[in-house]
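Commentary on secondary and tertiary structure
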Amino acid sequence: MGQEGFDWVTGIIETRDGNYTLAGYKREKDSSHVDAWVTQLNRYGEVMWELSYGGAGSDEIKALIQTRDGGFALCGFTDSKGNGKGDVWLLRLNAVGDLMWEKVYGGKYDEKGLALVEGADDSFLVSGYGIYPESSSDMVILKIDRNGKGIWRKIIREKGVGVAECLTPLSNGNIIVAGRNYNPNNESLDGLLLSLSPSGSILWKKNFGGKELESFVDIQPVSGGFVLVGQRERRESRRDLWLM
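**Remarks on the state of the cysteines**
Counted according to the given criterion, the structure contains zero disulfides. Looking at Cys75, it has no disulfide partner, and the nearest cysteine sulfur is the one in Cys166, 12 Å off. Exposure remark for Cys75: the relative accessible area of 0% places this residue in the buried category. On the basis of relative accessible area, Cys166 is assigned to the buried category, the value being 4%.

**Observations concerning the sheet that holds strand 10 (residues 124–131)**
Here we have four strands laid out as an open sheet, ordered 9-10-11-12, and antiparallel in their pairing. Of all the strands in the sheet, just strand 9 (110–118) and strand 12 (150–156) have a single pairing partner and so form its edges. Taken pair by pair, the neighbouring strands of this sheet meet at an average axis angle of 20°, ignoring direction. Of the strand pairs in this sheet, strand 9 and strand 10 are connected by eight bridges, and their pairing is antiparallel. Along strand 10, the bridge assignment pairs Glu118 with Phe124.

**Description of the environment of Val126**
Mapping Val126 onto the fold places it in strand 10. Residues Val126 and Glu165, spaced 39 residues apart in sequence, show a C-alpha to C-alpha distance of 9.6 Å.

**Description of the environment of Asn181**
Here Asn181 lies in strand 14 (residues 175–183). A sequence separation of 46 residues divides Asn181 from Val227, and the C-alpha atoms of the two residues are 19 Å apart. In this structure Asn181 touches Met139, Glu158, Val161, Gly162, Ser188, Leu189, Asp190, Leu192 and Asn207, once residues within four positions along its chain are discounted. A distance of 2.6 Å separates the side chain of Asn181 from the side chain of Asn207, its partner in a polar contact.

**Regarding unusual backbone geometry**
Excluding glycine, a negative phi dihedral is what most residues carry, and trans is how most peptide bonds are arranged. Even without a glycine there, the phi angle at Asp122 is positive, about 70°. Along the chain, Asp122 turns up in the loop between strand 9 and strand 10. By relative accessible area, which is 25% here, Asp122 ends up partly exposed.

**Concerning a nonpolar patch on the surface**
A cluster of nonpolar side chains, contributed by Val9, Ile12 and Tyr20, occupies part of the molecular surface with about 260 Å² of accessible area. Among the secondary structure elements, Ile12 is positioned in strand 1 (residues 5–14).

**Here's the deal with the side chain of Thr67**
Topologically, Thr67 is positioned in the loop between strand 5 (59–66) and strand 6 (72–78). A polar contact is formed between the side chain of Thr67 and the side chain of Asp69, at a distance of 2.5 Å. Setting aside anything within four residues of it in sequence, one finds Thr67 in contact with Arg16, Phe72, Ala73, Arg92, Glu118 and Phe124.

**As for the pattern of salt bridges**
Under the counting rule described, the total for this entry stands at 13 salt bridges. We note a salt bridge from Lys26 to Glu50, for which the minimum N-O separation is 3.6 Å. Taken as a pair, Lys26 in strand 2 (residues 20–28) and Glu50 in strand 4 (residues 47–53) lie far apart in primary sequence, 24 residues in all. Taking relative accessible area as the criterion, Glu50 reaches 28% and is therefore assigned partly exposed. The partner of Asp122 in a salt bridge is Arg68, and the shortest N-O contact between them spans 2.9 Å. With a gap of 54 residues between them, Asp122 in the loop between strand 9 and strand 10 and Arg68 in the loop between strand 5 and strand 6 connect regions that are remote in the sequence. Taking the relative accessible area as the measure of exposure, Arg68 reaches 48% and is therefore partly exposed. Connected via shared salt-bridge partners are Arg68, Glu118, Asp122 and Arg146.

**So, the nonpolar core**
By size, the foremost hydrophobic cluster in this structure holds 15 residues, and its most contacted members are Leu90, Tyr105, Leu116, Phe124, Val126, Leu142 and Ile144. Those elements giving two or more residues to this core turn out to be strand 5, strand 6, strand 7 (87–93), strand 8 (99–105), strand 10 and strand 11 (138–144). Considering each element in turn, this core owes the most residues, three residues, to strand 11. In this structure, Trp152, Leu167, Leu194 and Leu196 belong to the second largest nonpolar core, which totals 14 residues.

What counts and what doesn't
Residues numbered from 1 in each chain as written. Predicted model: local features only at pLDDT ≥ 70, side-chain atom pairs only at ≥ 80, totals over all residues. Heavy atoms only, no water. Disulfide = S-S within 2.5 Å. Buried < 20%, exposed > 50% of the residue type's maximum accessible area, 1.4 Å probe, protein only. Pairing = 2+ DSSP bridges. Helix = DSSP H or I, 4+ residues; strand = E, 2+ residues; numbered from the N terminus. Axes fitted to C-alpha atoms, helices over the stretch in contact; angles between N-to-C directions. Contact = heavy atoms within 4.5 Å. Polar contact = N/O pair within 3.5 Å; in protein donor to acceptor, adjacent residues only side chain to side chain. Patch = residues over 30% accessible without salt bridge, like charges linked within 9 Å, V, L, I, M, F, W, Y side chains within 5 Å. Areas by Shrake-Rupley, 256 points an atom, 1.4 Å probe, with all protein chains shown as cover. Salt bridge = Lys/Arg side-chain N within 4 Å of Asp/Glu carboxyl O. Core = buried A, V, L, I, M, F, W, Y, C linked by side-chain atoms within 4.5 Å.

By themselves, these are just geometric observations and shouldn't be taken as functional.
Here's what the structure looks like:
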């Protein structure tokens, strides 16, 4: 870690054996692109293993989880694979970081994965956004089976900006997604919370915010509801922590 170039950490988890796994991306000295990067440390901070994944373009990891089998799943986006633009990228690793499989999801436009959870049926749920000609960005949510085959893909198109920053599955199979979107009523960005059915249909949607720029970036289920963490940016460019 920390050799010439730079290493950027976008996620860290404590594994069930008491170690720590970090993921993100790195750029070697004199390189024009970044590669996905994963490392595991023991409880004393010593490197147990460190691996990079990627190709000729830029490849970034934005989220990682430990799966029920003790391995790892990671999501982000890749310019090296798929259609040559930014595509959602999902990787499965075993417990020591060996690549089991990788899959790319997307079309001719940029799509990026930002968050990842494991469903009760061993599927994977990914949220993020896509950039399309008819909008600034739209929310993208995917459901993928345990072998990487896409089950469904939901694009939520609205006027202006839409980003699905995080999500969590419920015991009834529904999915709660949080992020931000443009609210024409107050002509600003609001924190957004929406519920999807197990098949990806929108059940309900709620905006939270006012004249400032608000966004949710994480969601944690608690007894009887959710805790949402976000940020609120005031017009004078001051940014505050937002907890709901």
